[in-house]
Amino acid sequence: MLPREELLKGVENREDIAKVIDKAEQAIKTWEVTVTDFLSPAVLAEVERVFQRLTDVSMQKWGGYPQAERQRLGIARVDLPLTVTDIPLSALDIAGNFLFDTANHRDFLGAMLGTGIVREKVGDIIVLGERGAQAIVVPELADFLSANLRQVRSVPVKTSLIPLAELKVRPPQKKEINTVEASLRLDAIASAGFGISRSKMAEAISAGDVRVNWKDISQSSYNVKTGDLISFRGKGRLEVGEVTVTKKERYRVHLTRFI
């Protein structure tokens, strides 16, 4: 058995981590690969931190494409082979004419949850503009959603199963940015990286639209550091690179923006 209480000590996502521990113990006991539901980036990061010292099990995450945010976790005894092919996923095409009634990520997710399924069964949703979206789900719900997801906002849709290879994923684009700031405050660094005014960035932070290392941060005065990942809802991600201090005691910061 795994040291459950030791692993859960100090974790933020206790209920989610406990479920992963259950899956790990099942994998050890049965000598089979076990698979979790979809986990958020924050939970995945905490799982990696909590389980990194364990030598009994190995883990593999997969969400359908390399940069997927929400991913399922495959778990097996360390001496068993484990690849992404052991993690079952299905892809759905949600097709409709959204030219006159534009739908966003929240609209598609809301329509899916409106059929009665829970969030943990849905991975990433790729919005395709006026023609609809694609979604990654657990295979056992693919047929159910194909039959029951008939409308998003006011638009009738046809939901059908497609191969994962047909996902229309845009390759991530990177932009390198160098900035000099008086401080390492979140609002200052994020403002420079995302190219919006500091006041608007402060509003976004207060509204809960900005996270650091997948944790909700509501204070503009929060200080970032090298290696931090800043995510801004709808705007992409920003990685904080090397930080040096200038002769005038300001901070020269290298940023990488993922669009």
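Going by what an unreviewed UniProt entry lists, the protein is known as RNA-binding S4 domain-containing protein and is assigned to Microcystis panniformis FACHB-1757.

1. What about helix α7 (residues 198-206)?
Among the residues of α7, those classed as buried are M201, A204 and I205. Taken end-on, α7 shows its buried residues confined to a sector of 100°, consistent with a single buried face. In this structure, α7 carries K200, E203 and S206 as exposed residues pointing more than 90 degrees from its buried face. On its buried face, α7 is in contact with α6 (186-194), β11 (210-212) and β13 (229-232). Phi turns positive, to about 85°, at G208, one or two residues after α7.

2. Concerning the packing of aromatic side chains
Under the defined criterion, the tally for this structure stands at two aromatic pairs. Relative to F232, the ring of F194 lies with its centre 5.3 Å away and its plane at 75°, an arrangement referred to as edge-to-face. With a gap of 38 residues between them, F194 in helix α6 and F232 in strand β13 connect regions that are remote in the sequence. As far as the burial class goes, F194 and F232 line up, both buried.

3. Observations concerning helix α2 (residues 14-30)
Helix length check: α2 (17 residues) gives 24 Å between terminal C-alpha atoms against 24 Å at 1.5 Å per residue, within 8%. Taken as a whole, α2 has its buried residues at I17, A18, V20, I21, A24, E25, A27 and I28. Residue W31 follows α2 closely and has a positive phi angle near 60°.

4. Concerning the side chain of T115
Considering the arrangement of structural elements, one finds T115 in the loop between α4 (105-113) and β5 (122-127). Separated by 2.6 Å, the side chain of T115 and the backbone oxygen of M112 make a polar contact. Residues in contact with T115, not counting those within four places in the same chain, are F144, L145, N148 and L149.

5. Here we look at the sheet that holds strand β1 (residues 34-35)
Taken together, the three strands give an open sheet; going across it, the order is β1-β3-β2, and neighbouring strands pair in antiparallel fashion. Edge positions in the sheet fall to β1 and β2 (57-62), since each of these pairs with one other strand and no more. Note: β2 against strand β3 (residues 72-77), six bridges, orientation antiparallel. Across the sheet, Q60 pairs through a bridge with G74, a residue of β3.

Calculation notes
- Residues numbered from 1 in each chain as written.
- Predicted model: local features only at pLDDT ≥ 70, side-chain atom pairs only at ≥ 80, totals over all residues.
- Heavy atoms only, no water.
- Buried < 20%, exposed > 50% of the residue type's maximum accessible area, 1.4 Å probe, protein only.
- Helix = DSSP H or I, 4+ residues; strand = E, 2+ residues; numbered from the N terminus.
- Arc of directions from axis to C-beta.
- Contact = heavy atoms within 4.5 Å.
- Phe/Tyr/Trp six-rings, centres within 6.5 Å; stacked < 30°, edge-to-face > 60°.
- Expected span 1.5 Å × (residues − 1).
- Polar contact = N/O pair within 3.5 Å; in protein donor to acceptor, adjacent residues only side chain to side chain.
- Pairing = 2+ DSSP bridges.

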